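So you can see what is in the structure, the chains are spelled out below.
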Amino acid sequence: MSVLDIMKSRRSVRRYKNKPIPEGTLNKVLEAARIAPSGKNFQPWKFIIVQDREKKEELAVASRNQSFIAQAPVVIVACGFPDKSYQHQGNYMKSWPIDVSIAVDHLMLMAWEEGLGTCWIGAFKEGEVKQILSIPDDVRVLALTPLGYPDEEPRDRGRKELNEIISYDEY
């Protein structure tokens, strides 16, 4: 499958089979995140791989009670380091949210290629997630994603047409 085919076919998965992910497959998915680009190549991220059932259930509760999160064999928590990222993104912000997002996107696309489902989780209480996983105060949580073999065929939710989202030479 081409990269564009993977991008076009990837869907958010909210039902997972009770099937473990082989270590080699998990490492391949994590490697895709590791090699992602970042501002000044600072790589201001860390990924917490959660496999403990109790912790996954606590994370689901901290994520606005999205119980499907705990069904997956793995939950990946993407963290960023604001003070260890490029400080002048657009001359108005730190680059860590963009950098971590790119790495998570790499991870999700590789997961799909490997037959695994993911779902970007942005609805969570950061303080609770940090407490559950003993994340230090100076580290930020950007996203979570369950990771596992899909137990559903998610529907295509559609995308805007190209002419709706681009312009040439000026806004």
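We now turn to the structure provided with this report. This is a predicted model, so every value here is computed, not measured.

1. What about the packing of aromatic side chains?
Consideration 1: The full count for this structure, using the stated rule, is 1 aromatic pair.
Consideration 2: A centroid spacing of 6.5 Å and a plane angle of 40° characterise the contact between tryptophan 45 and phenylalanine 47, whose relative ring orientation is tilted.
Consideration 3: Residue tryptophan 45 is classed as buried on the basis of its relative accessible area of 10%.
Consideration 4: Of the residues examined, phenylalanine 47 reaches a relative accessible area of 18% and is grouped as buried.
Consideration 5: Here lysine 19 stacks its cationic end above the ring of tyrosine 149, 4.2 Å away from the centre of that ring.
Consideration 6: We note lysine 84 situated over the ring of phenylalanine 81; from NZ or CZ to the ring centre the distance is 5.5 Å.

2. Looking at helix H6 (residues 126–133)
Think of an α-helix as 3.6 residues a turn; residues three or four steps apart then line up on the same face.
Consideration 1: Three or more residues of H6 are buried, namely Glu126, Val129, Lys130, Ile132 and Leu133. The arc that holds the buried residues of H6, viewed along the axis, is 160°, so those residues lie on one side. Exposed residues on H6 whose side chains face more than 90 degrees from its buried face are Gly127 and Gln131.
Consideration 2: If you follow the buried residues of H6, they end up packed against strand S1 (45–50), helix H3 (53–62), strand S2 (74–80) and strand S4 (140–148).
Consideration 3: In the stretch just after H6, serine 134 is the one whose phi turns positive, near 55°.

3. Some words on the sheet that holds S1
Consideration 1: Pairing is antiparallel in the open sheet, where 4 strands are placed in the order S1-S2-S4-S3. Across the chains shown, the open sheet's two edge strands, defined by having one partner strand only, are S1 and strand S3 (117–118).
Consideration 2: Relative to S4, S2 runs antiparallel, the two sharing 7 bridges. Directly across from valine 74, in S4, lies its bridge partner leucine 147.
Consideration 3: Most of the contacts of helix H2 (residues 23–34) go to S1, to which it runs at about 160°, and overall it touches S1, S2 and S4.
Consideration 4: The strands that H6 touches are S1, S2 and S4; relative to S4, the one it contacts most, it runs at about 70°.

About the thresholds
Residues numbered from 1 in each chain as written. Predicted model: local features only at pLDDT ≥ 70, side-chain atom pairs only at ≥ 80, totals over all residues. Heavy atoms only, no water. Phe/Tyr/Trp six-rings, centres within 6.5 Å; stacked < 30°, edge-to-face > 60°. Buried < 20%, exposed > 50% of the residue type's maximum accessible area, 1.4 Å probe, protein only. Lys NZ or Arg CZ within 6 Å of the ring centre and 35° of its normal. Helix = DSSP H or I, 4+ residues; strand = E, 2+ residues; numbered from the N terminus. Arc of directions from axis to C-beta. Contact = heavy atoms within 4.5 Å. Pairing = 2+ DSSP bridges. Axes fitted to C-alpha atoms, helices over the stretch in contact; angles between N-to-C directions.

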